[in-house]
Amino acid sequence: MGNRGLEDLIPLVNRLQDAFSSIGQACNLDLPQIAVVGGQSAGKSSVLENFVGRDFLPRGSGIVTRRPLVLQLINATAEWAEFLHCKGKKFTDFDEVRQEIEAETDRVTGANKGISPVPINLRVYSPHVLNLTLIDLPGITKVPVGDQPADIEQQIRDMIMQFITRESCLILAVTPANTDLANSDALKLAKDVDSQGLRTIGVITKLDLMDEGTDARDVLENKLLPLRRGYIGVVNRSQKDIDGKKDIKAALEAERKFFLSHPAYRHMADKMGTPRLQKVLNQQLTNHIRDTLPAFRSKLQSQLLALDKEAEEYRGYRPDDPSRKTKQLLQMVQQFSVDFEKRIEGSGDQVDTVELSGGAKINRIFHERFPFELVKNRFNKVHVILVSNRKKTFHHLFPFIFVGFRTGLFTPDMAFEAIVKKQIIKLKEPCVKCVDMVIQELINTVRQCSNKLECFPRLREETERIVTSHIRDRESRAKDQVLLLIDIQLSYINTNHEDFIGFANTAALGSVIRKGWLTINNISIMKGGAKEYWFVLTAESLSWFKDDEEKEKKYMLPLDNLKVRDVEKSFMSSKHIFCIFNTESRNVYKDNRTLELACDSQDDVDSWKSSLLRAGWTVYPVESDTTTTTDNFSMDPQLERKVETIRNLVDSYMAIVNKCIRDLIPKTIMHLMIGNVKDFINAELLAQLYSAGDQNALMDESQEQAQRRDEVLRTHQALKEALAIIGDISTSTVTVPLPPPVDTSWVGGSSGGRR
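Residues numbered from 1 in each chain as written. Predicted model: local features only at pLDDT ≥ 70, side-chain atom pairs only at ≥ 80, totals over all residues. Heavy atoms only, no water.

Caption draft 1: Focus on the overall build of the chain. A tally of helices and strands in the chain yields 22 helices and 16 strands. Split into buried and exposed, the 755 residues of the chain put 47% on the buried side. Put simply, of all contacts in the chain between residues at least 6 apart along the chain, 74% involve residues at least 24 apart. Counting every atom, the chain has about 38,200 Å² of accessible surface; 49% of that belongs to carbon and sulfur. (Helix = DSSP H or I, 4+ residues; strand = E, 2+ residues; numbered from the N terminus. Buried < 20%, exposed > 50% of the residue type's maximum accessible area, 1.4 Å probe, protein only. Contact = heavy atoms within 4.5 Å. Areas by Shrake-Rupley, 256 points an atom, 1.4 Å probe, with all protein chains shown as cover.)

Caption draft 2: Region of the structure containing the pattern of salt bridges. Summed over all chains, the structure comprises 27 salt bridges. One salt bridge connects Lys361 with Glu441, and the closest N-O pair in it is separated by 3.6 Å. Residue Lys361 is found in helix α11 (residues 358-376), and its partner Glu441 is found in helix α16 (residues 428-449); the two are separated by 80 residues along the sequence. With a relative accessible area of 32%, Lys361 lands in the partly exposed category. Between Lys609 and Asp606 there is a salt bridge; the shortest N-O distance is 4.0 Å. Taken together, the residues span about one helical turn, with Lys609 and Asp606 both in helix α18 (residues 602-614) at a distance of three residues. Judged by relative accessible area, which is 10%, Lys609 ranks as buried. For Asp606, a relative accessible area of 33% translates into the label partly exposed. Connected through salt bridges with shared partners, the residues Asp436, Arg472, Glu475 and Lys479 form a single ionic network. (Salt bridge = Lys/Arg side-chain N within 4 Å of Asp/Glu carboxyl O.)

Caption draft 3: A look at the sheet that holds strand β4 (residues 120-126). As summarised here, the arrangement of the eight strands in space is β3-β4-β2-β5-β1-β6-β7-β8, forming an open sheet in which the pairing is mixed. Strands at the two margins of the open sheet, each flanked by one partner only, are β3 (80-83) and β8 (231-233). Neighbour-to-neighbour, the strand axes of this sheet turn through a mean angle of 25°, independent of strand direction. As defined by bridge partners, strand β1 (residues 33-38) adjoins strand β6 (residues 169-176) across six bridges and the pair is classed as parallel. (Pairing = 2+ DSSP bridges. Axes fitted to C-alpha atoms, helices over the stretch in contact; angles between N-to-C directions.)

Such coordinate-based values are descriptive only and should not be taken to indicate function.
Now the structure itself:
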């Protein structure tokens, strides 16, 4: 009942399955499932029973199959059945199989007529079957009965579609001959998922029950609603035959006699009947195995190659051999040292492509995070204090300035040195924080490198403990050295540094304080509207030009009695505006009382205001009338310039200090922490592990590692056996070609004049 060569293929698959079952794995050849689809009482169950040669399915009226039955047929020397839900129990009486199916169905769906998509898995072992997976699905119904839900038809359809949409599923569309084929729900469902007809076989049942004088010859000859694989007619046992316990073998003989004796079917008798249907399915199975084997062989070879090296290491392995443990300890410590160095240097296979870690993370700490922390603690610019306009703030922060002016003993270097030292002290916090961030990343790197030691839990634990303890020991030394560097900066303020502007050079800063583009916002539309100009700010004046080449000066404002204030941003404007006004209510620019200047961003506004402060202006934080400023503290312009001088000096000197700190702190951490830890791992870790306890105990492998070793060896052996089995296959197996395409447009109307 199979094509030539099938006898070679089926035992081959059995041997492959046995080889993989020995290691607790499945031989995934993706063998095809065969779904039996049809309406109620179409004869689906009888078709399945004919395959098995046993009566084992429930029968009755209405929906008998209320859960999918996944029937796995397995070729074996003996005959028995077992269910997945009661695995281990063998059923040799197939009447008990039927009873168990009914009981298991009722357990999930209840005793009513409800359905459930939860499948029942049944395996039948027999010398009379081939390795196939068949699925008996509930019959398609239209009208709910009993306690069935109103959407029973849709539920059944969804359940069937879950199976027949799979490309490896062969669809047996079962239709009784005594109904109209054009209305076959089974064929409609098959058409939806298999429009090319590559997986669909039409099965016509109950040919012996057609009205006298009618037949299904046009259907079976594939002339009506043609399918690419055509139709096969079968004659199943009647209910009377089943009740009378008619033997299936006798039923098959009666089926053969029916087709040979019927005048409409005798010319095609060899293409009809259950044996023919079995042969077609066998051919499908054979073709699928032949198509699958090349890819399966390649997959096995790849898996074998991947396991070769590991299996070779495990072969001849003796867990309690002391010499092996000593050798492996040396190898593990050496590997840990290499991995740590690679992670710090960012080389080899230790580069993390998901997130920054190790050396890359430390590099970012040195060159991004640490400079950022320094900037956060930089000198509080004088303009922030000026904006506040609070006299007590000045007295608190700049006592030397005010005391000096009052007593006539003012010396700018006293104020300068006091402010500089306050700013240098603020550098301690970001420097210590930099050490903390590097330590945390070193500890993370140690943990990542120790992942390769997970097969030896005690070794991993001891390695992490020893290295982490050493890192913590170096932490205090590194922080002491870092704080010492800050104290060194505090001990001597070197005003003779070549990069320091010096007190004598501060006057030179008054030449040009800032240049840049600004928009004059309050030029009337009659005069051309808002325009952009190139502005130049000095300590004496504010000038603007037509372009940045400064060839054509448009105007110059002297700085006498001029102040700055913010202007609220208008709803329609995207610009940020501030204005210049005169404290004596005189015009500032031509006939304008104020000069409104606009920038693209608030940062630009703040930057310009800062520059105006350096030039000695007073800046008001919010828009206000000049009459409201009388209660505010107003600093003398000469004093403002002195404060600006000190600010310039502090900025210049702190730039030198910051540059030095940004350079020295990473170098100090690299020397005292990172380099030292690498040297410790290379030179001291092994000795400390030996002194920590019994090295044999350190090399006790985990249970998972022992299981892994056994699994690798068993899988490696099974792969070799499987490839040897595939190598024994005869390549002469006959492949039955797929029938050519036919006109698949469905013809409406009745199912033929012969009926």
